[in-house]
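Now for the letters of each chain:
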Amino acid sequence: MFRIILYLLLALAVFPSVAHAHENLAQGHFLSVSEGMSADTVASEAGGADGQRIMEFSRDIESVVFVPKGQWVTGLSVSYSQSSQNKYQFLIFEGISGDTYSFKISPMLMYVAAPDLGVGGRFAYARSLTKLESADIILDSETDYSLDHLYRLSHNYYFTAMARNYFSIGKSKRFGFFNEMQIQLGGGQSKLTTGIGTDLTGTYERNLSVDVGLAPGLCIFLNNYSALEVNIGVLGFSYTATKAIKDQIYVSRRNSKSANFRINLFSIQFGVSFYL
């Protein structure tokens, strides 16, 4: 019984094709292929059986050279922030007194080795300092914590190799996009101390990091030699190894890995580059 049903299904599947071929032969719709005919000629005649020719689809995307070969691209970004608090209150934190600052400088140099393709590197140095004289954490009327004499200093350095590919928006030579691939090696050290006198305790750390990522962005030329750039990291892999020594006695190590494919709003960077 199963074989009979299978034969019926095969007959139903084949019969329409056979009937259609028979109808074409009856109406004179057949293709004669002679020796020496090219594949394009055969395809053209096959498509012309019904008086229509299959045309190749093309999006006709127009673009121009956005950054010519031989240009040098350089830039420098500097950031600095500083704040001071005296008996400051915020949510569950009360009596915050202290100072903090952060500083970062990052020069960049790149050479356009081919039209719309640049290769180069970037160096970055970052330093931050936090001095907290006193602070109270009050959860409720019976639960509170106090912090005092906290000091933390850190500085890190990063070396980045990058390759950037530019894309013009249509035929515009002022607005364009770029996609930047980055390989970054970094390292640094920090120290953290709390308390004073006999209650002083501290931790010294050293870290090494490796990052690989993609950073697409927008480039707007202000004139022939300068451009405003905005980029954001969306894909990346990061590895960090840290060694800590507490009170010059206890040694500990930690390793962390992360990978993501998302828009990181904290990685948005604005800058001005010069094309020489």
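Predicted model, so just to flag it, every value in this text is computed and none were measured.

A closer look at the pairing of strand β6 (residues 201-221)
Okay, step 1: As paired elements, strand β5 (residues 175-194) and β6 share 20 bridges and run antiparallel to each other. Looking at β6, one finds that Phe178 is bridged to Gly217.
Okay, step 2: Counted along the chain from β5 to the antiparallel partner β6, the turn is six residues long, and its residue Gly195 has a positive phi close to 85°.
Okay, step 3: Relative to strand β8 (residues 235-246), β6 runs antiparallel, the two being bridged by 12 bridges. Bridge pairing links Asn207 to Thr242 in β8.
Okay, step 4: Alignment of β6 against strand β7 (residues 226-231), held across five bridges, turns out to be antiparallel. Along β7, the bridge assignment pairs Cys219 with Glu229.

Details of the confidence of the model for the chain
Okay, step 1: Residues at a pLDDT of 70 or more form 77% of the chain, whose mean pLDDT is 77.
Okay, step 2: Looking over the chain, one finds the lowest element-wise mean pLDDT in helix α1 (residues 2-27), namely 45, and the highest in β5, namely 90.
Okay, step 3: Below pLDDT 50 for its whole length, residues 2-40 participates in 12 contacts with residues either more than four positions away or in separate chains.
Okay, step 4: Confidence drops under pLDDT 50 across residues 45-49; counting only partners more than four residues distant or on other chains, this segment forms seven contacts.

Some details on the pairing of strand β9 (residues 250-261)
Okay, step 1: Burial runs low along β9: only zero of the 12 residues are buried.
Okay, step 2: In the sheet, β8 pairs with β9 via 12 bridges, with the strands oriented antiparallel. Residue pairing for β9: Lys243 is matched across the bridge by Arg253.
Okay, step 3: If you look at the hairpin formed by β8 and β9, you'll find three residues sitting between the two strands, and Asp247 has a positive phi there, around 55°.

Reading guide: rules and limits
- Residues numbered from 1 in each chain as written.
- Predicted model: local features only at pLDDT ≥ 70, side-chain atom pairs only at ≥ 80, totals over all residues.
- Heavy atoms only, no water.
- Pairing = 2+ DSSP bridges.
- Helix = DSSP H or I, 4+ residues; strand = E, 2+ residues; numbered from the N terminus.
- pLDDT = per-residue confidence, 0-100.
- Contact = heavy atoms within 4.5 Å.
- Buried < 20%, exposed > 50% of the residue type's maximum accessible area, 1.4 Å probe, protein only.

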